[in-house]
Amino acid sequence: MAAAEFGWLGLSFMNSRKERNRPAKTESIVTAGSVERFTPGTVTAVPVGQFYLACLGDGSFLALSRTCTHLGCSVPWDEEKNKFVCPCHGSTFSLTGEVLTAPAPRPLDTYPVRIENGIVKVDTSVTQKRERFEPAQATRI
Amino acid sequence: MKQSRRSITDLILHLHPHTVPRETLRVSLSWGLGGMAAVLVGLLFLTGILQLFVYQSSVHQAYASVLILTREVPFGLWVRNIHHWSANLLVVAAVLHLLRVALTGAFGQGRRLNWVVGLFLLFLLLSANFTGYLLPWDQLAYWAVTICTSMLGYIPICGPWLLELFRGGSEIGGPTLANFFVLHVAFIPGSLFVLMLWHFWLVRRAGGLVQVKKDEQVPVDRVPTVPDLVVREAAFGLLLIAFVLILAIVWDAPLLEQANPGMSPNPAKAPWYFLGFQELLLHLHPVFATLVWPLMGALAFLCVPFWADSSLPTGVWFGSARGRTLAVWTSAVGAGATLALVLTDNLLLQSAAPVSNTLMTRGLLPTGLLIALLAGLYFLLVRKLKYTRAETVMAGIILTLVVLTACTIIGVWFRGPEMHLSWP
Ligand code: FES
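Draft legend 1. Seen up close, the overall build of chain B. Looking only at helices and strands, one finds 15 helices and 2 strands in chain B. Expressed as a percentage of the 424 residues in chain B, the buried residues total 45%. In chain B, the share of contacts with a sequence separation of at least 24, taken over all contacts with a separation of at least 6, comes to 81%. For chain B, the accessible area works out to roughly 22300 Å², and carbon and sulfur atoms hold 74% of it.

In structure tokens form, the structure reads like this:
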């Protein structure tokens, strides 16, 4: 009994720490650059926002989280192989963030992209999970 | 002088009975593994306290304080190395101790509870090692902890909640370090201490170490604890301490660059004692690798003493000569099969097109196969080859440990960049 109570108390103490560290839910818009800067079929890392901006073949944009959906390592873009390769358990992702090799269970998360006056802007406060890639996820001009 | 010596003897006799059966002094019965584990825990306590004077548990200062410890504090490097090596050896000693207990039939009647306490101790010391791993806040630490805490996220229903609980927020950062620090220096050592005392007391209540069953009429040949047992314990303990101290002079504990949340090292490996697990991660769907399989394993180990007649005859290694042959075969087959499976699956992974529905193909299917295989083996051994249940259970325990060891070896030496198979 006493042990259970102490355990519960401990948990709620730990829990309080988590509540205090909730990031404030404000928009945080990162400006990635003007549309012309990106060539279709390439991936550009945007270090300030900790994401990748993928410019798809048809010129539409997708902001991809760099966190592997398997267990959270940070995935680098491999220019030569033309895919994302996770160093931790070897998952690979395509340009659109789709899984090419397991163990990752779903595509890389995305952030909403907006194009205002030819400038690409990404809202990094909202992470969007998805099961597969659909063209509607990409933003075009 | 006389007086103080008496009081020391009294203290020893609080922990030990007055006399012990001569037979249990035989080194080859227990290899002193439990005692070794206790000595290592002692070393860990001492070196841990010393390091607490220097270490600072904030994201900005942790790495620097470890550098100060290793570079400026007299003997700081050595103390850190001793802590590191004791922790690593402790995992080895504890697992071997578990194996010894299983192979000499020491979890039967009267010792069941102690087996369970022992398993909890093993769990605690693994968590101690793991929480300690984060404290230096270097690349190794940061990514190993990222991976391991992410695993929690796959637990159905309460997973995401647990994940945030341990991380102290949605990302790894200051609060995570603070949480792990408290767990590592207060919660875990405290629990470890209590459980260890309980563990020792239960050994004593069960009449000391296991012995070969004899006929009741013949009185057991007993020798006094002081000096016969104590001298042996002291010799073993001092030898071990000397070994660790030398090890800590020769090899330094690793320390990479400061943690960088933007870049995972390639390959990013967990500490070696988790690499067996990591191998599972490469082959199975995460829910099965992080939750279902470990849970099945843990439950099986917890329940095994409560299955009637599952313990070998006491005090004889492998129960009998026949048991020994079975053990050797199990180890060989287990190691071979693991290697074959890893290689085949590696080919599959590389050739296959993007797979959908991995929950089926890499989750339920292999789990079903595993259960069928184990049931089949049990049937074969018990019904066809007429092994006893205890011998079969022993084979199962050996098989589990052999598979884990094989995976660990593959993980440590044969996994290169991006975790592809490669030569060391
Ligand atoms: S974390 Fe990327 S594959 Fe495991």
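Draft legend 2. Molecular detail of the interface of chain A and chain B. At the junction of the two partners, chain A supplies 28 residues and chain B supplies 36 residues. Summed over both partners, the interface of chain A with chain B comes to about 2600 Å²; 61% of that surface belongs to carbon and sulfur atoms. On inspection of chain A and its partner chain B, the count reaches 0 salt bridges. At the boundary of chain A and chain B, one finds 1 residue pair in polar contact (both at pLDDT 80 or more). Listing elements by their share of the side of chain A that touches chain B, those giving two or more residues are α1 (2-20) and β8 (99-101) of chain A. The element contributing the most residues to the side of chain A that touches chain B is α1(A), with 5 residues.

Draft legend 3. Region of the structure containing the packing of aromatic side chains. Residue and element names in this part refer to chain B. Inspection of every chain in the model, using the stated rule, returns 13 aromatic pairs over all chains. Summarising the aromatic geometry, the rings of Phe75 and Trp78 are spaced 6.0 Å apart at their centres and angled 50 degrees between planes, so their arrangement reads as tilted. Grouped by ring-pair contacts, the aromatic residues Phe130, Phe180, Trp272, Tyr273 and Phe274 constitute a single cluster.

Draft legend 4. Summary view of the packing of helix α5 (residues 76-103) of chain B against helix α6 (residues 112-134) of chain B. Residues and elements named next belong to chain B. Two elements in contact, α5 and α6, have axes whose closest approach is 10 Å; the angle formed by their N-to-C orientations is 160 degrees. When the axis of α5 is compared with that of α6, the two are roughly antiparallel. Crossing geometry of α5 relative to α6 is assigned as left-handed. In this structure, α5 contributes Ala87, Leu90, Val91, Ala94, Val95, Leu98, Val101 and Ala102 to the contact, and α6 contributes Trp115, Leu119, Leu122, Leu125, Leu126 and Asn129.

Draft legend 5. How the structure looks around the state of the cysteines. All names here are of chain A. One pass over the structure, following the stated rule, counts 1 disulfide over all chains. Note on cysteine connectivity: Cys73 is disulfide-linked to Cys88, with sulfurs 1.9 Å apart. Taking the sign of the S-S torsion, about -90 degrees here, the bridge from Cys73 to Cys88 comes out left-handed. Remark: Cys88 occurs in the loop between β6 (83-85) and β7 (92-93) and Cys73 occurs in the loop between β4 (61-65) and β5 (77-78); sequence separation between them is 15 residues. Neither Cys73 nor Cys88 differs from the other in exposure class; each is buried.

The rules we used
Residues numbered from 1 in each chain as written. Chains lettered and ligands numbered in written order. Predicted model: local features only at pLDDT ≥ 70, side-chain atom pairs only at ≥ 80, totals over all residues. Heavy atoms only, no water. Helix = DSSP H or I, 4+ residues; strand = E, 2+ residues; numbered from the N terminus. Buried < 20%, exposed > 50% of the residue type's maximum accessible area, 1.4 Å probe, protein only. Contact = heavy atoms within 4.5 Å. Areas by Shrake-Rupley, 256 points an atom, 1.4 Å probe, with all protein chains shown as cover. Buried area = accessible area lost by both parts, 1.4 Å probe. Salt bridge = Lys/Arg side-chain N within 4 Å of Asp/Glu carboxyl O. Polar contact = N/O pair within 3.5 Å; in protein donor to acceptor, adjacent residues only side chain to side chain. Phe/Tyr/Trp six-rings, centres within 6.5 Å; stacked < 30°, edge-to-face > 60°. Axes fitted to C-alpha atoms, helices over the stretch in contact; angles between N-to-C directions. Parallel < 35°, antiparallel > 145°, perpendicular 65-115°, else oblique. Left-handed = near helix turned anticlockwise from the far one by under 90°. Disulfide = S-S within 2.5 Å.

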